[in-house]
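In case you want the letters, here they are:
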Amino acid sequence: MDGFITCMTQAIGKTPLLRLDRLKAHLGYEGEIYAKLEQLNPTSSKKDRIALGMIEIAEQKGLLKPGQPVLEMTSGNTGTAVAMVCSAKGHPFICVISKGNSVERVKMIKALGGQIVLVEQAPGAEMGKVSGEDMRYVEKVAERLVKETGAFYFNQFQNNDNSASHEPAALEMWVQSMGQIQAFADFIGTGGTFMGYARALKRLNPAIRAYAVEPHGLAYYKGEIIPGTSHTIQGGGYAKDMVIVDKAYMDGFLTVSCEESAEMCKNLAKIEGVFAGLSSGANVAAAVKALNGAERGNHFGVVVNDCGLKYMSTDLFCL
Ligand SMILES: Cc1ncc(COP(=O)(O)O)c(C=O)c1O
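First, a word on what this report is: a plain description of the structure on this page. (Residues numbered from 1 in each chain as written. Predicted model: local features only at pLDDT ≥ 70, side-chain atom pairs only at ≥ 80, totals over all residues. Heavy atoms only, no water.)

## Concerning the sheet that holds strand 2 (residues 32–37)
Strand order in this open sheet of six strands is 1-2-12-7-8-11, and the pairing throughout is mixed. Of all strands in the sheet, those bounded by a partner on one side alone are strand 1 (17–19) and strand 11 (252–256). In this sheet, neighbouring strand axes are inclined to one another by 25° on average, regardless of whether the strands run parallel or antiparallel. Across five bridges, the pairing between strand 7 (residues 183–187) and strand 8 (residues 209–215) is parallel. Paired with alanine 183 across the strands is arginine 209, a residue of strand 8. The sheet strands contacting helix 7 (residues 167–176) are strand 1, strand 2, strand 7 and strand 12 (299–304), and the helix crosses strand 2 at an angle near 135°. (Pairing = 2+ DSSP bridges. Helix = DSSP H or I, 4+ residues; strand = E, 2+ residues; numbered from the N terminus. Axes fitted to C-alpha atoms, helices over the stretch in contact; angles between N-to-C directions. Contact = heavy atoms within 4.5 Å.)

## Notes on the side chain of histidine 299
Along the chain, the position of histidine 299 falls in strand 12. Setting aside chain neighbours within four positions, we find histidine 299 in contact with Glu32, Tyr34, Gln180, Ile181, Gln182 and Ala183.

## Remarks on the nonpolar core
Leu20, Ile33, Val284 and Phe300 are the most contacted members of the largest nonpolar core, which has 35 residues in total. Residue assignment for this core shows that the elements contributing at least two residues are strand 2, strand 7, strand 8, strand 11, helix 9 (258–272), helix 10 (278–291) and strand 12. For this core, the leading source of residues is helix 10, giving nine residues. When near neighbours in sequence (up to four residues on either side) are disregarded, isoleucine 33 contacts Leu18, Arg19, Leu20, Val284, Ala287, Val288, Leu291, Phe300 and Val302. Within the second largest apolar cluster, 23 residues are counted, among which are Val70, Ala83, Ile97 and Val106. (Core = buried A, V, L, I, M, F, W, Y, C linked by side-chain atoms within 4.5 Å. Buried < 20%, exposed > 50% of the residue type's maximum accessible area, 1.4 Å probe, protein only.)

## Regarding the site of the ligand
With respect to spatial proximity, 16 residues lie near the ligand, and among them Lys46, Gly189, Thr190, Thr193 and Ser279 are the closest. Between the ligand and the protein, one listed contact pairs an oxygen atom with a side-chain N or O atom of lysine 47 at 2.9 Å. Interatomic distance of 2.8 Å between a backbone N/O atom of glycine 191 and an oxygen atom of the ligand. With the chains in place, 95% of the 390 Å² that the ligand exposes on its own is no longer accessible. Per-class residue counts for the shell around the ligand are three nonpolar, ten polar and three charged. (Near = heavy atom within 4 Å. Polar contact = N/O pair within 3.5 Å; in protein donor to acceptor, adjacent residues only side chain to side chain. Areas by Shrake-Rupley, 256 points an atom, 1.4 Å probe, with all protein chains shown as cover. Nonpolar A, V, L, I, M, F, W, Y, C, P; charged D, E, K, R; others polar.)

Put into C-alpha cells, the structure is as follows:
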C-alpha cells in the first residue's frame, strides 16, 4: 500500500502477473504461461494504458491543450478507457460510432461523461453488425467533427504512440517473471499491444520470440485466408494490414478458432478464477498450442485483455 492516489489515472498499470499453475495441471502442457492481468485496470481492459499513454504523449507534444476535446471512433474498450482518462483529466470526449453497435459500452461511455455521436449505417446494413462500409461512414463523420470542433483525434489505428503506451506493461511483465519470458503471443487488433511488447521484450533479450495470434481462416499475417470466414473474437482479427504493425517483429504465427478461445475462457474462469473475454482466451489457447509444439518446455507471456463482465450479453458464458 502506497497511501492514497489523487487522480484515477494513477490506478492504471502495475497489474499482477499470474503464472497459470492450475491450468498447467489441468491441461498437462510442458512449460509455463504467465498472464498479465490487464483486466484489473480501472475500466477493466488493457486499453487504459493507451488512453493514458497517448493522451499524455499528445499533451507533451503540445498536440492536446488543457480542456481541448478528444475524439475517437470506437465504442469498444478504447472508447471506455479514453472516456475515463478524459473525465479524470478534464477533456471533453466525443465518441463517434455506428448505429449498428451494441448499447452496453455506449452507456458506460456516457456514464463517464463522454458525448456519443451516432452515425447512420450504410444502406442495406444489418443492425448489430458493423460492416466496413459502415465504418467508412463513421470515419467521414469523425474527420468532419475533428475539423469542426478542433478536437485531438486519438486515432488508435494510425498512431504509433499506441504501441509505445504498452511498453511499460511489457517491462512490468519482464520484471515480474524475473526475466524468464522466452516467448510472447498476442491476438492482433490495431497491433499496438503486439508491437509494444515485442519491441520492449526484444530490447531486453533479442532471442525472445513474438507470435502473432489470428483467427482460423482469417490469418492475414500468416497468409491463410479462407474466403467467407467470419469470427466472434472481439477486438481484432481484421484480416488486413495494420498501419502500426511491423511484420519484421513477427517470429511466428498461431491461429485459434472461436471455439478454442471460448473453451479457454471457460477454463480460465473455472480453473484459475480469471474472468476474461474471448481475445484473452485466444492468447492463452495460442500459447498452449505453441507449448505443445515448437515451444515445448518454454516460458510464455500473454496478456489478459479485458474482463468477462463485458461479454454478459453474448453467449460466451452461457451454461
Ligand atoms: C478485447 C480486446 N482484445 C484484443 C484487442 C487487440 O489489441 P490491439 O489493438 O492492441 O492489437 C483489443 C483492441 O481493441 C481488445 O479490445
